[in-house]
Amino acid sequence: MTARLAVEGLACVRGERRVFERVDFALGAGEALVLTGPNGAGKSSLLRTLAGLIEPAAGRIAWDGADVAEDPEAFRAQVQAVFHADAVKPVLTVAQNLRFWARLRGGDDARVGRALERLGLARLADVPGGVLSAGQRRRLALARLLAAPAALWLMDEPAVTLDRDAVAALGAAIADHRAGGGLVVVATHGDIALADAHRLDLGAARGAA
Amino acid sequence: MSWHLLASPARFMRYSERIRPWASALALGAIAIGLYQGLFASPADYQQGDTVRIMYVHVPSAWMALFCYTAMAVSSAGYLVWKQPLAEIAARATAPIGACFTALALATGSLWGKPMWGTWWVWDARLTSVLVLLFLYLGYMALADAFDDPVKGGKAASILALVGFVNVPIVKFSVDWWNTLHQPVSVARMDGPTIDPAMLAPLLIMAAGFTLYYVALVIVRMQALVLERRVRALQQVAAGA
Amino acid sequence: MIGTFAAIVGRDVTLAVRRGGDAATVVAFFVVVVTLFPFGVGPEPNLLARIAPGVLWVAALLAATLSLDRVFRADLEDGSLELLALAPCPLVVTVLAKVLAHWLTTGLPLLLAAPVLAILLNLPWDGFEALIGALALGTPSLSLIGAVGAALTLGVRRAGVLVALLVLPLAVPVLTFGVAAIEAALTGQTAAPHLMILSGFLLGALALAPWAAAAAVRLALD
């Protein structure tokens, strides 16, 4: 299988500190990568570097063989991310919140409806974001992944604050995404089940400081 | 553990240490000669009398105010384009020096204004645009120091320096316009149409002295900033390892 | 890309309206500052008419500056800004959309409130057209320059005063020509050249400020 996402010699510097270096991996269609490691090992930094928010100190990220730095907008169209913050506006309803993010990436209302349904938020569609519980806000953040198409999902501790049903729904959504040829890179402490995923332990990959 | 910041600065520390004593000595010499020439050896102005001698400090200060801002903007551009950390350190080291020259230009301008215009301050076009320049310096310094992470502060301040640099000529233009609108030629021009060579020589010597003084001072400040970053890097490594 | 632009403008305006009173607060501040002047300098109508152009402009400048913090900060804090930066359109477009939304919720209300305050300050009728024209051309420049200041201070915890310190000196040209346009009209001259210069300044700010602000936003997300 040819690699869609290939990372070579990636290094990240925060302040004056090397967070990680010489990170290599390759993911083909339908594959998943689980990032592990202790706090501060650079799981979030790696995800943000993959998303293009942090400029790598060294190394390259390639999508379908082309360096993503050459056309970052085209690459961003392939990527959806769920980081720590849920990006839910308290004064907009659940549906309005999701519709905005979907519109930015070419998702439509039907897709938004299905995404809400799938994460058990359909009943709350017209409720303002401000009254949601932490777990419900997290579900809404995850619904973004389903509301618009993207080949690569980046997730930072997606299951935080989720109840058991929601974790199951998330697991099923990821499985469907992969079955459709999608890629997943997820930082997690193992609270979601991922069938035959690759693993990258950043604690071990990290060079001696 | 030596990281990107420590590679080129090491060479900088070596070479700058060689330049520094020369720049300091030459600056001291030039300023001493310039002050003697300006304050004692040069003729008094036929209109302004001895008051004109303020010019030998005022005019070079005003030049340095602009020179430093330009140096700051060029260094900032160098940093943003080539990511050379020394360029950012140079810009940051320049800012307070430039601000002091600007303040000196304003203070001496004000001292000159009292005998010339009978008041400490007039909203003369030049004084006003130099005042705005001082605000730009203060903004740069405040922004650079407002961040917990000096690297981020340096980047943000570099962007600001460039924005300010584009804005300086526009401010100058608008202040000139505003001044002619509000103050039709009622104030004496600060400089005559021509300048006597006997006055020009000390002026240029003073300008050279100020520039050398800037070089000596910017080296000291850059060395201090490099050391400060090094300490910080070591602390971070200690905390993160 | 136009769809994205419109979506962001629509969302930001909706948020400002829903939050209730973002625009209203800015206008209220503007009104309060302007009404302080008669208390400060006395109620003499000729004096008020004389200082009216400057007072209106300075108050508008302060009001616009104080509202800058909300352009990016709320989105930074709840994680929306990083998602906006991940959208498949250039960040400059996103920044421009947010600037337009800021102008629609501050510059435009200020523009509408200014003539009423001008009446309170006894500004002669000759100056009204120039006042509106100058504010219409000048306030978008303030939003653009302000966005740079707001973006640059995103990484700073207490940014309010700092933003003002950065932005106000940069706004001197807008203030100068904005006031000059009104004074020209009051003295029977044409305000056109001043308005042209304000337009030129707006075009320049339009060409440069979004790039600087986008670079600063990237920096804040890094």
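Before going into details, it helps to say that this report is about the structure given with it. This is a predicted model, so every value here is computed, not measured. (Residues numbered from 1 in each chain as written. Chains lettered and ligands numbered in written order. Predicted model: local features only at pLDDT ≥ 70, side-chain atom pairs only at ≥ 80, totals over all residues. Heavy atoms only, no water.)

### A closer look at the overall build of chain B
Now for step 1: For chain B, the count of helices and strands is six helices and zero strands.
Now for step 2: Each helix (α) and strand (β) of chain B, taken in turn from the N terminus, gives the series α-α-α-α-α-α.
Now for step 3: Counting across all 241 residues of chain B, residues that qualify as buried make up 47%.
Now for step 4: Residue pairs at least 24 apart in sequence account for 82% of intrachain contacts in chain B once pairs closer than 6 positions are excluded.
Now for step 5: By element, 70% of the accessible surface of chain B is carried by carbon and sulfur atoms, the whole surface being about 11,700 Å². (Helix = DSSP H or I, 4+ residues; strand = E, 2+ residues; numbered from the N terminus. Buried < 20%, exposed > 50% of the residue type's maximum accessible area, 1.4 Å probe, protein only. Contact = heavy atoms within 4.5 Å. Areas by Shrake-Rupley, 256 points an atom, 1.4 Å probe, with all protein chains shown as cover.)

### Considering the interface of chain C and chain B
Now for step 1: Facing 27 residues of chain C, the contacting portion of chain B comprises 28 residues.
Now for step 2: Taking both sides of the interface into account, the surface hidden between chain C and chain B amounts to around 2,300 Å²; carbon and sulfur atoms contribute 80%.
Now for step 3: The largest contributions to the chain C side of the interface with chain B come from C:Leu152, C:Leu170 and C:Leu219, which together make up 25% of the buried area.
Now for step 4: Here chain C and chain B share one salt bridge between them.
Now for step 5: Between the two partners, chain C and chain B, sit three residue pairs in polar contact (both at pLDDT 80 or more).
Now for step 6: No other element matches helix α10 (residues 192-221) of chain C, which puts nine residues into the side of chain C that touches chain B.
Now for step 7: Of the residues belonging to the side of chain C that touches chain B, the class tally is 20 nonpolar, four polar and three charged. (Buried area = accessible area lost by both parts, 1.4 Å probe. Salt bridge = Lys/Arg side-chain N within 4 Å of Asp/Glu carboxyl O. Polar contact = N/O pair within 3.5 Å; in protein donor to acceptor, adjacent residues only side chain to side chain. Nonpolar A, V, L, I, M, F, W, Y, C, P; charged D, E, K, R; others polar.)

### Quick notes on the interface of chain C and chain A
Now for step 1: Contacts between the two partners involve 28 residues from chain C, matched on the other side by 26 residues from chain A.
Now for step 2: Of all residues in chain C, C:Leu83, C:Leu86 and C:Pro88 give up the largest surface area on contact with chain A, accounting jointly for 27% of the area buried on that side.
Now for step 3: Between the two partners, chain C and chain A, sit three salt bridges.
Now for step 4: Note that C:Glu82 is salt-bridged to A:Arg48, the shortest N-O span being 2.8 Å.
Now for step 5: Counting every contact that joins chain C to chain A gives 11 residue pairs in polar contact (both at pLDDT 80 or more).
Now for step 6: Elements with a minimum of two residues in the side of chain C that touches chain A: α1 (2-18), α4 (73-77), α5 (80-86) and α10 of chain C.
Now for step 7: For the side of chain C that touches chain A, the element with the highest residue contribution is α1(C), accounting for nine residues.
Now for step 8: Tallied by class, the residues present in the side of chain C that touches chain A amount to 15 nonpolar, five polar and eight charged.

### A few points about the sheet that holds strand β1 (residues 3-14) of chain A
All names here are of chain A.
Now for step 1: Spatial ordering of the open sheet is given by β2-β1-β4-β5, a layout of four strands whose pairing is antiparallel. Taken across any chain shown, the strands that pair with only one partner, and hence form the sheet edges, are β2 (17-28) and β5 (66-67).
Now for step 2: Taken together, the five bridges between β1 and strand β4 (residues 58-63) define a ladder with antiparallel strand orientation. Along β4, the bridge assignment pairs Ala6 with Ala62.
Now for step 3: Across the sheet, helix α1 (residues 43-51) is in contact with β1, β2 and β4; its angle to β2 comes to roughly 60°. (Pairing = 2+ DSSP bridges. Axes fitted to C-alpha atoms, helices over the stretch in contact; angles between N-to-C directions.)

### Considerations on the side chain of B:Ser16
All names here are of chain B.
Now for step 1: On the secondary structure map, Ser16 appears in helix α1 (residues 4-41).
Now for step 2: In this structure the side chain of Ser16 is engaged in a polar contact, spanning 2.9 Å, whose partner is the side chain of Gln223.
Now for step 3: Excluding its chain neighbours within four sequence positions, the residues that come into contact with Ser16 are Ile219 and Gln223.

### Here we look at the environment of C:Gly204
Now for step 1: Position of C:Gly204 among the secondary structure elements: in helix α10.
Now for step 2: C-alpha of C:Gly204 to C-alpha of C:Ser141: the two residues are 63 residues apart in sequence and 8.9 Å apart in space.

### What about the sheet that holds strand β6 (residues 79-82) of chain A?
All names here are of chain A.
Now for step 1: With parallel pairing, the five strands of this open sheet are ordered in space as β6-β7-β8-β3-β9. With partners counted over all chains shown, the strands left at the sheet margins are β6 and β9 (198-201), one partner each. Taken over all neighbouring pairs, the strand axes of this sheet differ in orientation by 15° on average, direction set aside.
Now for step 2: Bridge analysis of strand β3 (residues 32-36) against β9 gives four bridges, and the strand direction is parallel. Its bridge partner being in β9, Val34 is matched across the sheet by Arg199.

### Description of the packing of aromatic side chains
All names here are of chain B.
Now for step 1: With the rule as written, the count across this model stands at 10 aromatic pairs over all chains.
Now for step 2: Consider the rings of Phe101 and Phe210, whose centres lie 5.4 Å apart with planes at 35°: the pair is tilted. Taken as a pair, Phe101 in helix α3 (residues 85-117) and Phe210 in helix α6 (residues 197-240) lie far apart in primary sequence, 109 residues in all. Each member of the pair, Phe101 together with Phe210, is buried.
Now for step 3: Connected via pairs of aromatic rings, a cluster forms that spans Phe101, Phe210 and Tyr213. (Phe/Tyr/Trp six-rings, centres within 6.5 Å; stacked < 30°, edge-to-face > 60°.)

### Considerations on the nonpolar core
Now for step 1: In terms of nonpolar packing, the biggest core is built from 172 residues, with A:Phe25, A:Leu46, A:Val185, C:Phe30 and C:Phe72 touching the most fellow members.
Now for step 2: Excluding its chain neighbours within four sequence positions, the residues that come into contact with A:Leu46 are A:Leu10, A:Phe20, A:Val23, A:Phe25, A:Leu35, A:Leu200 and A:Leu202.
Now for step 3: Within the second largest apolar cluster, 37 residues are counted, among which are A:Val88, A:Ala141, A:Ala143 and A:Leu194. (Core = buried A, V, L, I, M, F, W, Y, C linked by side-chain atoms within 4.5 Å.)

### What about the environment of C:Ala214?
Residues and elements named next belong to chain C.
Now for step 1: The residue Ala214 is located in helix α10 in this model.
Now for step 2: Distance from Ala214 to Phe177, taken between C-alpha atoms, is 27 Å for residues 37 residues apart in sequence.
Now for step 3: Excluding residues within four positions of it along the chain, Ala214 makes contact with Leu91, Val92 and Val95.

### Notes on the pattern of salt bridges
Now for step 1: According to the stated counting rule, one finds 29 salt bridges over all chains in the structure shown.
Now for step 2: Residue C:Asp75 pairs with A:Lys89 through a salt bridge whose shortest N-O separation is 2.6 Å. Here C:Asp75, found in helix α4, pairs with A:Lys89, found in the loop between β6 and α3 (94-104), and the two come from separate chains. Grouping residues by exposure puts C:Asp75 and A:Lys89 together as buried.
Now for step 3: C:Lys98 is the salt-bridge partner of C:Asp12, the closest N and O atoms lying 2.8 Å from each other.

### Focus on helix α2 (residues 55-82) of chain B
Now for step 1: Given a rise of 1.5 Å per residue, 28 residues ought to cover 40 Å, and the 39 Å separating the end C-alpha atoms of α2(B) matches this to within 8%.
Now for step 2: Immediately downstream of α2(B), the backbone of B:Lys83 shows phi near 55°, a positive value. (Expected span 1.5 Å × (residues − 1).)

### What to know about unusual backbone geometry
All names here are of chain A.
Now for step 1: We note that Thr161 has phi near 70°; this positive angle belongs to a residue other than glycine.
Now for step 2: Inspection of the secondary structure puts Thr161 in the loop between β7 (152-156) and α6 (164-179).
Now for step 3: Thr161 sits in the partly exposed class, given a relative accessible area of 47%.

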